[in-house]
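Okay, here's what each chain looks like letter by letter:
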Amino acid sequence: GLDFTPRTPAMTREEYLQSLGLNWPREAVIVGIAARLNPVKDIATLIRGFALAHENCPQLRLLIAGDGEQMELLKSLAADLGVADEVCFAGWVTDTNTFYQSLDINTLTSLSETFPYALTEGARASLPTISSRVGGVPYLIDHGVNGLLFSPGDADELARHLVALAQDATLRHHLGQRLHQKAVEEYALEST
């Protein structure tokens, strides 16, 4: 079971972005992921999907929390795809509460998972979530009801989901609220 007690972030979104040296516009829709930067997490597919979505939704930004052996490769990929200025590699983040509270959309792009803690942390923050359909993810996310799922490695499908959420704040709100409700009902300390 997880503790879903509401938490007050240490910084506001603006303060957090400033602490990372970012001057993103107020209307930016921030997509995020917290993961180790290694091949199984498939952050490359996230960057490819983001770049495709950004063509239609220039307000999108991508915030990546985590460290790992693929850092330089992923930075190069973002540069090659022309989105280096819209992608921030925040490195290892200890204050995950502030990180998640600064996002508009949570993502998980893993090729393999059991039951990812990153999704429940995003659910605690009532974040709409797009995840690869792997491992235990479908136990938490019902596609189209409380989140969106895509086939692992499919950047085009991921991009379509990013565009749908970037263009619809109401949909983001509803998916995030429903995900939070299901997570509390089925995975909170009191429930388990």
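Residues numbered from 1 in each chain as written. Predicted model: local features only at pLDDT ≥ 70, side-chain atom pairs only at ≥ 80, totals over all residues. Heavy atoms only, no water.

1. Some thoughts on the pairing of strand β5 (residues 129-132)
On β5, burial covers both faces: Thr129 and Ser131 on one face and Ile130 and Ser132 on the other are all buried. Bridge count between strand β4 (residues 105-108) and β5: three bridges; the pairing is parallel. Paired with Thr107 across the bridge in β5 is Ile130. Crossover handedness for the path β4 to helix α5 (residues 117-124) to β5: right-handed. As defined by bridge partners, β5 adjoins strand β6 (residues 148-150) across three bridges and the pair is classed as parallel. Counterpart to Ile130 in the pairing with β6 is Leu148. (Buried < 20%, exposed > 50% of the residue type's maximum accessible area, 1.4 Å probe, protein only. Helix = DSSP H or I, 4+ residues; strand = E, 2+ residues; numbered from the N terminus. Pairing = 2+ DSSP bridges. Right-handed = clockwise from strand over helix to strand, strands pointing away.)

2. Topic: the pairing of strand β2 (residues 60-65)
Among the six residues of β2, six are classified as buried, and the element is accordingly described as predominantly covered. The alternating pattern of β2 places Leu60, Leu62 and Ile64 on one face and Arg61, Leu63 and Ala65 on the opposite face, and all of these are buried. Direction of pairing for strand β1 (residues 29-34) relative to β2: parallel, over a ladder of six bridges. The residue of β2 that forms the bridge with Ala34 is Ala65. Handedness of the β-α-β unit built from β1, helix α2 (residues 43-56) and β2 comes out right-handed. In this sheet, strand β3 (residues 87-91) lies alongside β2 in parallel orientation, the contact comprising four bridges. Paired with Leu63 across the bridge in β3 is Cys88. Taken together, β2, helix α3 (residues 71-80) and β3 form a β-α-β motif whose crossover is right-handed.

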